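Residues per chain are reported as follows:
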Amino acid sequence: MSRPRTGSAVTLSGSARVGAAVTAGGLSATAGRFRVVAGSVLAGVAVAVAWSFEFADRTVGGNVADALLGYDAAGSVIAGSAAGALFAFVSGLAATFTACNIAAFAAVAPLLGEGRSTGRRVAVLLRPLGWLAVGMLAVSATYGAVGVLLGERLPQLSMATTAAGMPVRLVQSTVVFGVVGAVLVWLGLAALGVVADPLAGVRRRFRSVDAVVLGGLIGAFLVGRPFGLFFKLFRYAADRSDPLYGAAVFALQSLGNVVVLALVFVVLVVAGRGRLVRWLQHDPERVARLTGAALLVAGGFTFVYWVVRVPAVFGYGWFPTLPWH
């Protein structure tokens, strides 16, 4: 008899596990999955209602960037290529703690395999994180290069507004994050076995496809997010008219966006001596619930915030407001 392989990845799909669970446990397993769906979507909507972009972008992001750079990041001029590269990494780092990034962190956890030694655990950890970076950098670097070539023809760099006063760059944000949110919701439902898994066929040939797709979605944050420091860097790169520089600084910005989460992952896996991985792999249902819930919360928040709440500010529809909005 052959021994099971260590280090095997757990995929985002839970459809096969759901079938087994329903056979063994009847309708209760299905009902439990739908409770996870309902609770996660409601949590995502609640975050969209409560979210304060002023706190996330200005209080947290702005202060972190100012502290790391040692000057007023928003008000100072970017002085040269090297300064621009540093600004790119720091501005990405300052935007680390968003709902989407936290969910991506949770969703990548089940992709890890188990290793016995510290070196083996680190190697197993780096594999999904490496593929995550491949997907992320492919999107962000390509967008940086194309954005520099298009310049102000790109909505994200436009100062124009719609008839209702909504900035065109926010229209781009609404479209991009609407798509990202919908994809995250679909992947979350697939992880729970509620809908067909769109990655099943590819995964049979390329087992790291989940990490690449999640990385691509993180890279797409730069395509949509109207963070003031991102906008400033983008204009600087566009003014240089150098697509290679645009690709480089956008890649650095994406890396800065996930470096803290990667370090947290390393600490959890190495310092915990593999307990996190064993805890996840002990129960496939636990993996499916964690992954599905994380993706649904992130997708629900992203879609509702950008497609419903932001347009409502400019009179396109309605959304409840809170005193700190």
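Before reading on, note that the structure itself is shown above.
Here the structure is a predicted model, which means the values were calculated and not measured.

Topic: helix 11 (residues 228–240)
In this model, helix 11 (13 residues) spans 19 Å end to end at C-alpha, consistent with the 18 Å of a helix rising 1.5 Å per residue. In the segment just after helix 11, Ser241 is the residue with positive phi, at about 55°.

Section: the pattern of salt bridges
By the definition in use, this model includes three salt bridges. A salt bridge links Arg203 to Asp210, with the nearest nitrogen and oxygen atoms 2.8 Å apart.

Here's the deal with the environment of Gln253
Considering the arrangement of structural elements, one finds Gln253 in helix 12 (residues 243–271). You can call Gln253 buried: its relative accessible area is 1%. Along the backbone, Gln253 and Ala141 are 112 residues apart, and their C-alpha atoms lie at a distance of 9.6 Å. Setting aside anything within four residues of it in sequence, one finds Gln253 in contact with Ala88, Ser91, Gly92, Leu222, Phe230 and Leu233.

Digging into the packing of aromatic side chains
For the structure on display, the rule yields 10 aromatic pairs. The interplanar angle of 40° and the centroid separation of 6.2 Å between the aromatic rings of Phe177 and Phe221 together place this pair among those described as tilted. With a gap of 44 residues between them, Phe177 in helix 7 (residues 168–191) and Phe221 in helix 10 (residues 221–224) connect regions that are remote in the sequence. With relative accessibility at 4%, the residue Phe177 sits in the buried group. Given the relative accessible area of 7%, Phe221 is considered buried. Pairing Phe234 with Phe250 gives two aromatic rings, centres 4.8 Å apart and planes at 65°, and the pair type is edge-to-face. Of this pair, Phe234 sits in helix 11 while Phe250 sits in helix 12, placing them 16 residues apart in sequence. One exposure class covers both Phe234 and Phe250, and it is buried. Members of the aromatic cluster, joined through ring pairs, are Trp51, Phe177, Phe221, Phe301, Tyr305 and Trp306. The side chain of Arg240 reaches across the aromatic face of Tyr245, ending 4.1 Å from its centre.

What to know about the side chain of Gln156
Structurally, Gln156 can be placed in the loop between helix 6 (118–150) and helix 7. From its side chain, Gln156 meets the backbone oxygen of Leu222 in a polar contact 3.2 Å long. Setting aside residues up to four positions removed in sequence, Gln156 forms contacts with Tyr143, Arg169, Gln172, Leu222, Val223, Gly224, Arg225, Phe231 and Phe234.

Quick look at the layout of surface pockets
Computed from the structure, the largest pocket encloses a volume of approximately 820 Å³. In terms of lining residues, the largest pocket is bounded by 35 residues, among which Phe53, Asp57, Pro226, Tyr305 and Trp306 are the most central. Elements with a contribution of two residues or more to the lining of the largest pocket: helix 3 (53–69), helix 5 (99–108), helix 7, helix 11 and helix 14 (284–313). Sorting elements by how many residues they give to the lining of the largest pocket places helix 14 first, with eight residues.

Cut-off values and rules
Position labels on residues start from 1 in each chain and follow its written sequence. Residue-level local features of this predicted model are given only where pLDDT is at least 70; pairs of side-chain atoms are given and counted only at 80 or more, and the full residue set underlies all totals for whole chains, interfaces and linings. As a rule here, side-chain values cover all heavy atoms of the structure and leave hydrogens and water aside. Secondary structure follows DSSP: runs of H or I at least 4 residues long count as helices, runs of E at least 2 residues long count as strands, and numbering of each begins at the N terminus. The span you would expect from a helix comes to 1.5 Å times its residue count less one. For this analysis, a salt bridge means a side-chain nitrogen from Lys or Arg found within 4 Å of a carboxyl oxygen belonging to Asp or Glu. Per-residue accessibility, obtained with a 1.4 Å probe over protein chains only, is compared with the maximum for each type, and a residue is labelled buried under 20%, exposed over 50%, and partly exposed between these values. Should any heavy atoms of two residues lie within 4.5 Å, those residues are considered in contact. For Phe, Tyr and Trp, rings pair up if their centres lie within 6.5 Å, where Trp contributes its six-membered ring, and each pair is then called stacked (planes under 30 degrees apart), edge-to-face (over 60) or tilted (otherwise). Criterion for a charge above a ring: Arg CZ or Lys NZ at most 6 Å from the ring centre, at most 35 degrees from the ring normal. Counted as a polar contact is a pair of N or O atoms within 3.5 Å, where, for protein atoms, one must be capable of donating a hydrogen and the other of accepting one, and residues adjacent in sequence contribute only when both atoms are in side chains. Only protein atoms enter the 1 Å grid used here. Points where a 1.4 Å probe fits but cannot escape make up a cavity, open sets with protein on both sides within 12 Å along at least five of seven lines make up a pocket, and a residue lines them when an atom lies within 4 Å of a point. Grid points are joined across faces, edges and corners, and a volume is the space filled by probe spheres set on the points.

Such coordinate-based values are descriptive only and should not be taken to indicate function.
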